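One letter stands for each residue in the lines below.
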Amino acid sequence: MPRLAYLGPEGTFTEEALRLLDPAAERLPCATVSAALAAARGGEADGAVVPLENSVEGAITTTLDEFAWGEPLLIDAELLLPVRFSLLARPGTEIPHIKRVYTHPAAITQCRAFLSRELPDAVVVAAPSTAAAAQEVSLPGSPYDAAIAARIAGEHYGLVELAGDIGDRTDTVTRFVKVARPGRPLPEPTGADRTTLVVFLADDHPGALLEMLTEFSVRGVNLTRIESRPTGDGIGRYFFHFDFEGHIADARVGEAISGLHRVCGEVRFLGSYPRADGVVPRVKRGTTDEEFTEAGDWLARIRAGQV
Ligand SMILES: O=C(O)C(=O)Cc1ccccc1
């Protein structure tokens, strides 16, 4: 039974994602995303489940930066989880009495309309996770009057739900990934896979981004996410995250990644794994495995003088 670290405590959205990704896993709750990844890297856990992006606010930058700079980890699965937020408080609290709200930053950004409409004067404070906020609010001497978290977190920590489904949109989805230390075989290609990379430029020059995109474009590889992140070396210095359709075992994907390796400073492979939405890529004419093999054989024949 694998042991998986995650952003805890009990009752986070990440825990819900972990239970769906691997119902049999032993769960190791951690205080932060970084601590969960450290547990996976250090061997206290066999892997970790962390949020990567959501459909309203985009990337969870802590996760992206950990993947780019920390000891290498490989993504082996992803999950799309619809997320619903509740306003939770100690029994007896009423909405007009709420002065201080505690929750995870991702929940703050996704409940902006509710907060400005219903609690315009409340101070909203960032918590390590939604469940950590619910746990804190449940303590009798807590400086916070309410938490925003999953309804189930409220039940777990003895809070009452003052309002449900308070997200700005009811169709918000968060994408979670499961990661493990490298060294094990990659997940087998399924025909509906995704690959994730981090790419650092060799140097800054006109067309550098276009050169990277060309490696994907000419092999018919469809991007599903592109993100630039600061390198930390000054304004204007960036590296890039790419998600795209296909598995590194696919010829067109392998060719694109080796092309990037030739023209970029550093390419960090973050994994090929089944897509949660099961979407099968439309492979352009001229970019199937068979066509790459046939072209390679053709070239070999010519090089051997068989014109
Ligand atoms: O704090 C949590 O419960 C998390 O798992 C992080 C998070 C917060 C808000 C939306 C999705 C994930």
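Residues numbered from 1 in each chain as written. Predicted model: local features only at pLDDT ≥ 70, side-chain atom pairs only at ≥ 80, totals over all residues. Heavy atoms only, no water.

- The name recorded for the chain in an unreviewed UniProt entry is Prephenate dehydratase, from Nonomuraea montanisoli.
- Under the Pathway (unreviewed entry) heading, UniProt states for the chain: "Amino-acid biosynthesis; L-phenylalanine biosynthesis; phenylpyruvate from prephenate: step 1/1."
- As recorded by UniProt, the Catalytic activity (unreviewed entry) comment attached to the chain reads in full: "prephenate + H(+) = 3-phenylpyruvate + CO2 + H2O". (UniProt positions renumbered as here; feature names shortened; annotations may be inferred.)

Thoughts on the packing of helix α8 (residues 208-217) against helix α9 (residues 251-263)
Here comes step 1: Put simply, α8 and α9 touch, their axes get as near as 8 Å, and they point 155° apart. Relative to α9, α8 is oriented roughly antiparallel. As α8 packs across α9, the resulting crossing turns out to be right-handed. Between α8, through Met212, Glu215 and Phe216, and α9, the contact on the second element is made entirely by Ala256, Gly259, Leu260, Arg262 and Val263.
Here comes step 2: When the residues that make up the contact of α8 with α9 are grouped by side-chain class, the tally is 5 nonpolar, 1 polar and 2 charged. (Axes fitted to C-alpha atoms, helices over the stretch in contact; angles between N-to-C directions. Helix = DSSP H or I, 4+ residues; strand = E, 2+ residues; numbered from the N terminus. Parallel < 35°, antiparallel > 145°, perpendicular 65-115°, else oblique. Left-handed = near helix turned anticlockwise from the far one by under 90°. Contact = heavy atoms within 4.5 Å. Nonpolar A, V, L, I, M, F, W, Y, C, P; charged D, E, K, R; others polar.)

What to know about the site of the ligand
Here comes step 1: Taken together, Leu7, Thr12, Phe13, Thr14, Phe85, His104, Ala106, Ser129, Thr130 and Thr174 make up the full set of residues near the ligand.
Here comes step 2: The contact in question runs from an oxygen atom of the ligand to an N or O atom on the backbone of Phe13, over 2.9 Å.
Here comes step 3: Here an oxygen atom of the ligand and a side-chain polar atom of Thr130 are 2.5 Å apart.
Here comes step 4: About the coverage of the ligand: the protein hides 100% of its 320 Å² of free accessible area.
Here comes step 5: Across the shell around the ligand, the residue classes tally to 4 nonpolar, 6 polar and no charged. (Near = heavy atom within 4 Å. Polar contact = N/O pair within 3.5 Å; in protein donor to acceptor, adjacent residues only side chain to side chain. Areas by Shrake-Rupley, 256 points an atom, 1.4 Å probe, with all protein chains shown as cover.)

As for the UniProt feature "domain: Prephenate dehydratase" (unreviewed entry) in the chain
Here comes step 1: Here, the residues flagged by UniProt with the feature "domain: Prephenate dehydratase" (unreviewed entry) are residues 3-181.
Here comes step 2: Annotated as 31% helix and 32% strand, the span residues 3-181 places its first and last C-alpha atoms 13 Å apart.

Points about the sheet that holds strand β13 (residues 223-230)
Here comes step 1: The strand order β13-β14-β12-β15 describes an open sheet built from 4 strands, whose pairing is antiparallel. Strands at the two margins of the open sheet, each flanked by one partner only, are β13 and β15 (266-274). Each strand axis lies, on average, 15° off the axis of its neighbour in the sheet, ignoring direction.
Here comes step 2: Strands in contact with α8 are β12 (193-200), β13 and β14 (238-245); relative to β14, the strand with the most contacts, it is inclined by about 15°.
Here comes step 3: Packing of α9 onto the sheet brings it into contact with β12, β14 and β15, and relative to β12 it is tilted by some 5°. (Pairing = 2+ DSSP bridges.)

A word on the side chain of Asn54
Here comes step 1: Structurally, Asn54 can be placed in strand β3 (residues 47-54).
Here comes step 2: Here Asn54 falls in the buried class, since its relative accessible area comes to 6%.
Here comes step 3: Engagement of the side chain of Asn54 in a polar contact is seen with the backbone nitrogen of Val56, the distance being 2.9 Å.
Here comes step 4: Those residues within four positions of Asn54 in sequence are excluded, and the remaining contacts are Ile60, Gln110, Val173 and Thr174. (Buried < 20%, exposed > 50% of the residue type's maximum accessible area, 1.4 Å probe, protein only.)

Brief notes about the sheet that holds strand β7 (residues 100-103)
Here comes step 1: A sheet is described by the order of its strands in space; here 5 strands give the open sequence β8-β7-β9-β6-β10, paired in mixed fashion. Of all strands in the sheet, those with a lone pairing partner are β8 (123-126) and β10 (160-163), marking the two edges. Neighbour-to-neighbour, the strand axes of this sheet turn through a mean angle of 35°, independent of strand direction.
Here comes step 2: Both β7 and β8 contribute to a ladder of 4 bridges, which runs parallel. Counterpart to Arg100 in the pairing with β8 is Val123.
Here comes step 3: Most of the contacts of helix α6 (residues 130-138) go to strand β9 (residues 146-149), to which it runs at about 155°, and overall it touches β6 (86-89), β7 and β9.

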